[in-house]
Amino acid sequence: MVAKPSFETPLLRVSRPVSACSRCRSAKIKCDGKLPACTACERNGRFRECSSANDQFAKGKERSYVASLESRVERLEKQIGQAKARKLPVVLFDPYLAPPTSKAQEAPTRRIGTGRQSQRKEASDVDDLVADFGFLSVNATARDFYGFTAEMSFARLVLSTSSKEAMPRFATNVLPPRYAVTTLVQHYLDNIFVLYPFLSETALFASLDNLYQDAGRATPMDHWTIRMVLAIALASQSRYSGDSQYRDAVRHAAAALTCVDQVLQPGSRVAIQALLLLVQYAMLDPYHFSSWYLIGVASRVMLDLGLHQDPPEELRMKEVHLTLRRRIYSCVYALDRAISIVHRRAFSFTDDSANVPSCAETSVPLSIAARSRDQLFLRPMDTAPQLIKLRQIQSACYQELFQSGRQPSENSWRSVWATLGDLHEWYQNLPAGMQEPVKVAFKSEMLFSSILILSPSEKIHSVPDYAEALIFEYAVDYASSMRSVCDGTGKCAFYTYLDALRASYVGRRLLDVLQSKQCRVLDADTPSSPPAPSGTLLPPPLPYRCSDEKVDRARTGIEQLTDVLGYLGQIFGYSGLCEDFRVEATALGMVFSAGNLGSGSVSLDAADSRFLYGHTDSAF
């Protein structure tokens, strides 16, 4: 039986070795030139001294192996270029291959017809040549690359980079009854899958059937998918770190990690889906994993597979496979933008590097009557396209204001006003039938994005009074919108630790505009609008409010943000965010009533109902 080639013993397509190793030459025995060590040296335990292992050729016979490969590549590339230019079949010929046959020698002088047979022959020749290049790359690196080992694999490398704390070990970790699992799967599909549909819904239920109906058919990906979906669903329902839902979520995530080596294999679409599930869990459990590292790995695997480029039409990919491919790209894009913007870090890839019509462009909402029989019980893709549109608006402005140098530009405010218009237009055009909790979450993200682009950045160093007044209005509206999370009305939305960081940023920007420029934002007079460049949208209008109304809104906004930070900090273990906000609010003259310190109730301690503080204008 012929052994199959592997990374450690690659199949060599050379007709003879470059030269005998020094040991075989001195012993005057036959050298088969096997890489990384010849058979004679390997049999005698001298494989480390073999010339092929240490690049030392026989004395007087020194030859550059890399140079010979480079020259061969150059010749083959030249043949490809000439064949394509003359529309001729590629003929492989170089000193290391067997001499071409007479038909091959006559091929360059013979015009090839346009029939299907000749086209297939030409395509076959090109494929063979590409295969030869693949063998060249393997042969050139086989001596130095020994593949992954049991101690070091792609999965373990990913976990070692992204893990913050080790996952606990459980003596028994059995699956709960199917009726309980089905409820959690439905929760995931109704609240999280509709935002990030990178899984196949039918494949998800098939994995569930494999685990409960015929456990012998279950693959490692089946175990990983169901366990991670259960962990995400439970963690999204947790109300404080350490409750029963959180403990069960950690238990399921730990069970999924037992098959991580079989699931996280580089260069596969399944690996991207597995990584995205782990990203979602990390967004709910930041204590154990870093979502920023995980989405970075997922982005690079996605780029390596070329999912950021639509396949050519000639491939005629099935619609179901093309749709899933685009969904995976869109979900990687959406998560990468969300995580990178909150952490104020660079994107994993730019918008210009991709050429894929996202689900926001290709998705058409279907009524129940218009759906096919196979789609009748599948969830409609109405929510995910709206999230992708929001991420595209955020991405374009974030790249211009935060990732394109530090030199101020006269076009910066033009982009700010245009983006504000796009954000508010996007929110106004949300589908009427969208779930109210999701709509509230979208409004909060829209307000956060508005505050972010109005704040100081690499391109905008100074913020005018009008922009600060807008920040004040948006911050108070954001606090009111997010307040529904604390009383339970927004429990169906997918809130993560990113929302805790967003709330912290909005709170600090609110305090910043209140203390800057002697708190002119609370004056009754509306700041004059900065002149808008010609041909662009005007800044959003500011409502007229008296000074007392603004003071009441400031008090209410700070109180609500304190509650939101306390609630989200309790869920995701970020209690320091709320404490820091309280300290800063107190430093600005806010006095917390002793009986309501935990709830965040505050009152003003100023005779004229004004905040009178020193001037600061820092950017967060």
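One can find the structure itself at the top, above this paragraph.
Residues numbered from 1 in each chain as written. Predicted model: local features only at pLDDT ≥ 70, side-chain atom pairs only at ≥ 80, totals over all residues. Heavy atoms only, no water.

## Points about helix H14 (residues 291-305)
Right, on to step 1. The terminal C-alpha atoms of H14, which comprises 15 residues, lie 21 Å apart, in line with the 21 Å expected from a rise of 1.5 Å per residue.
Right, on to step 2. Taken residue by residue, H14 has Ser-291, Leu-294, Ile-295, Gly-296, Ala-298, Ser-299, Val-301 and Met-302 as its buried positions.
Right, on to step 3. Residues of H14 that are buried in the fold lie against helix H7 (154-162), helix H13 (269-284), helix H15 (319-342) and helix H21 (497-515).
Right, on to step 4. Remark: Gly-306 follows H14 within two positions and exhibits a positive phi of approximately 80°. (Helix = DSSP H or I, 4+ residues; strand = E, 2+ residues; numbered from the N terminus. Expected span 1.5 Å × (residues − 1). Buried < 20%, exposed > 50% of the residue type's maximum accessible area, 1.4 Å probe, protein only. Contact = heavy atoms within 4.5 Å.)

## Focus: the pattern of salt bridges
Right, on to step 1. Enumeration over the complete set of coordinates arrives at 16 salt bridges.
Right, on to step 2. Notably, a salt bridge pairs Asp-477 with Arg-553, separated by 3.4 Å at the nearest N-O pair. You can see Asp-477 sitting in helix H20 (residues 465-486) and its partner Arg-553 sitting in helix H22 (residues 547-572), a full 76 residues away along the chain.
Right, on to step 3. Taking the relative accessible area as the measure of exposure, Asp-477 reaches 29% and is therefore partly exposed.
Right, on to step 4. One network of salt bridges, with partners in common, ties together Arg-391, Glu-445, Asp-499 and Arg-502. (Salt bridge = Lys/Arg side-chain N within 4 Å of Asp/Glu carboxyl O.)

## A word on the nonpolar core
Right, on to step 1. Formed by 152 residues in total, the largest nonpolar core has its most connected members in Tyr-188, Trp-224, Tyr-281 and Leu-454.
Right, on to step 2. The leading source of residues in this core is H20, at 13 residues.
Right, on to step 3. Both domains that furnish three or more residues to this core are identified here as domain 1 (153-361 + 378-404) and domain 2 (414-594).
Right, on to step 4. Apart from residues no more than four positions distant in its own chain, Trp-224 is found in contact with Ala-256, Leu-257, Cys-259, Val-260, Val-263, Ala-274, Leu-277 and Leu-278.
Right, on to step 5. With eight residues, the next largest nonpolar core counts Cys-21, Ala-37, Cys-38 and Cys-50 among its residues. (Core = buried A, V, L, I, M, F, W, Y, C linked by side-chain atoms within 4.5 Å. Domains from an automatic or database assignment.)

## Let's talk about empty space enclosed by the protein
Leftover empty space is mapped by rolling, across the atoms, a probe with the size of a water molecule.
Right, on to step 1. What the rule picks out here adds up to eight cavities of 30 Å³ or more.
Right, on to step 2. Estimates place the volume of the largest cavity at around 200 Å³.
Right, on to step 3. Around the largest cavity, the lining is made up of 17 residues, and of these Leu-195, Tyr-196, Arg-391, Glu-445 and Phe-494 lie nearest the centre.
Right, on to step 4. Every element with two or more residues in the lining of the largest cavity is listed here: helix H17 (384-402), helix H19 (436-454) and H21.
Right, on to step 5. At four residues, the largest contribution of residues to the lining of the largest cavity is made by H19.
Right, on to step 6. Here the lining of the largest cavity is built from residues that sort into 12 nonpolar, one polar and four charged. (1 Å grid on protein atoms, 1.4 Å probe; cavity = no way out; pocket = protein on both sides within 12 Å on 5 of 7 lines; lining within 4 Å. Points joined across faces, edges and corners; volume = space filled by probe spheres on them. Nonpolar A, V, L, I, M, F, W, Y, C, P; charged D, E, K, R; others polar.)

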